[in-house]
Amino acid sequence: MQVNLKEHSYEILIKRGALKELGRWINSLWTPQKIAVITDTNVAPLYSQTVMKQLTAAGHAPHLAVVPAGEASKSLKTAAELYDFLAEAGFTRSDGILALGGGVIGDLAGFVASTYMRGIHFVQIPTTLLAQVDSSIGGKTGVNTSKAKNLVGTFSQPAGVLIDPNVLETLEMRRVREGIAEIIKSAAIADLHLWQQLTQLKDETDLLYHAETIITAALEVKRHVVEEDEFDNGMRLILNFGHTIGHAIENTAGYGVVSHGEGVALGMLKINQVSEIKGLTPMGTTAQLKEMIMKFHLPTELPNWDENALYQAITHDKKARGTNLKLILLAEIGQAKIVEIPLIEMKDYLKEAL
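A quick note: this is a predicted structure, and the numbers were derived from the prediction, not measured.

The rules behind the values
Residues numbered from 1 in each chain as written. Predicted model: local features only at pLDDT ≥ 70, side-chain atom pairs only at ≥ 80, totals over all residues. Heavy atoms only, no water. UniProt positions renumbered as here; feature names shortened; annotations may be inferred. Helix = DSSP H or I, 4+ residues; strand = E, 2+ residues; numbered from the N terminus. Buried < 20%, exposed > 50% of the residue type's maximum accessible area, 1.4 Å probe, protein only. Contact = heavy atoms within 4.5 Å. Domains from an automatic or database assignment. Buried area = accessible area lost by both parts, 1.4 Å probe. Phe/Tyr/Trp six-rings, centres within 6.5 Å; stacked < 30°, edge-to-face > 60°. Lys NZ or Arg CZ within 6 Å of the ring centre and 35° of its normal. Pairing = 2+ DSSP bridges.

**Some remarks on the UniProt feature "binding site: NAD(+)" (unreviewed entry) in the protein**
Working step 1: The feature "binding site: NAD(+)" (unreviewed entry), as annotated in UniProt, sits at Gly-103, Val-104, Ile-105, Gly-106, Asp-107, Thr-127, Thr-128, Lys-140 and Lys-149 in this numbering.
Working step 2: Mapping Gly-103 onto the fold places it in helix H4 (residues 103–115).
Working step 3: A relative accessible area of 14% means that Gly-103 is categorised as buried.
Working step 4: With respect to the element layout, Val-104 can be found in helix H4.
Working step 5: The contact partners of Val-104, leaving out residues within four places of it in the chain, are Gly-70, Glu-71 and Lys-74.

Given below as C-alpha cells:
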C-alpha cells in the first residue's frame, strides 16, 4: 500500500512473515548506516534479536535502546534519555531510527527522530494490532504530559512501515481488543463494507485469522483520510471519533489503567449515545455500536464517571479551537461528520452520557 503525500510518500508492507525479510526491505529504503532500534521491555525479548541480526546481515550498524514498557515511557524525560543515547553513539543526520513496538514506542521513537538534530529518518515496525491499524501511519508523533495525552508532538512521516501480522500471536487478548476498537472506529466512520465484515466475524480469534484482510481495510480508511488532510485541519479529524472522551478517560484514570482502545470504545459509545438524544445521529446507531463493542469484549461502562475531571481533561484536547470544540459524530454507520460546539457545552454532553 502506498501513502501518497505532496512532500513525502512511503510504502506500507503488510505481509505475514515480513519481519524475516527486514534486511532486504530496509535496504530498499536506506544505504548502510547506524540504526537505533528503539523498543521496550516487552518486545525486546521477543523480536529485538531477529531485528538486530537482520540489520547487521544487511550491512547496517544497529544500536539497541530498550525503554520500560507502558504509557509512562511516552514522556519528555524518556525522549531526553534517548537523545543522549543517540548522541553518545555518534548518530548524525544521515543515520536512522527503527521503532519496534506498539503505539507508545512508535509515537516516542517517531518524536525523537523528528526532533533529534532537527530531524532524522525513521521507519515503523508496529508489533501490536493497535499500532498496525492506526498509530504507525499518518506521521503523528508525540509524548504525554501530566495535563493531556499527546500534548507535545510533531507531524513527521516515516520512510516506510512494515506490518507482520504474525507478531500478533504473542499479544495478550486485552492488547488485541485495544486494536479492534480502532478497527471498529474505522468501519463506523468511513467503511460500511468493513463494518459488515466485522459483523460476520465470531470473535477476536476469528479476526486474527483474517488479520491481513482486516488490517488492510482499516489502513485504507486511514490512508485515504491522511492523503486528503495530512496536517489534521479538516477531514482527518474524523479519525478521532470516540477519542475526545476516550483520551479524557485515559488521562483521568491514569495512563495504563484504562487502555487506549478501551477508552476509545467507551468514548464512541458515550458520544454516540448523546448524539442520538440530541437528534444528531439516527436512532439505533448506538445499539449497533454497543453490540459490536460487546462482541469483542470491550467495555461499555466506566465504573467511576467523574464529569468534572473529564471536562478538565477535554479542555486540553487538540481538537479544541479557542472556545469551541470539534466533535466527531456519526451521520450513520459508515459515515462520520464534524460538528463544532462551544467547549462549555461539552459539560452537558458528559452529564447526558452518564
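**Digging into the domain arrangement of the protein**
Working step 1: Examined at the domain level, the protein breaks down into domain 1 (2–168) and domain 2 (174–349).
Working step 2: Its C-alpha centre places domain 1 at a distance of 25 Å from the equivalent point of domain 2.
Working step 3: Contact with domain 1, which involves 33 residues of that partner, is made by 34 residues of domain 2.
Working step 4: In this assembly, domain 1 packs against domain 2 so that about 2,900 Å² is buried in total across both faces, 63% of it on carbon and sulfur atoms.
Working step 5: Among the residues of domain 1 in contact with domain 2, Leu-129, Val-133 and Lys-149 are the three that bury the most area, contributing 21% of the side total.

**So, the packing of aromatic side chains**
Working step 1: Applying the stated criterion across every chain yields a total of one aromatic pair.
Working step 2: With a centroid separation of 5.4 Å and 85° between ring planes, the pair formed by Phe-155 and Phe-231 is classed as edge-to-face. In this pair, Phe-155 sits in strand S8 (residues 152–155) while Phe-231 sits in the loop between helix H9 (211–228) and helix H10 (243–253), placing the two residues 76 residues apart along the sequence.
Working step 3: Given a relative accessible area of 37%, Phe-155 falls into the partly exposed group.
Working step 4: Residue classification places Phe-231 among the partly exposed residues on the basis of a relative accessible area of 44%.
Working step 5: Here the guanidinium or amino end of Lys-278 rests over the ring plane of Tyr-349, the centre of that ring lying 4.9 Å away.

**Overview of the pairing of strand S12 (residues 335–342)**
Working step 1: Bridge analysis of strand S11 (residues 324–332) against S12 gives eight bridges, and the strand direction is antiparallel. Bridge pairing in S12 links Leu-327 to Val-339.
Working step 2: Hairpin connection of S11 to S12: two residues between the antiparallel strands, including Gly-334 at a positive phi of 100°.

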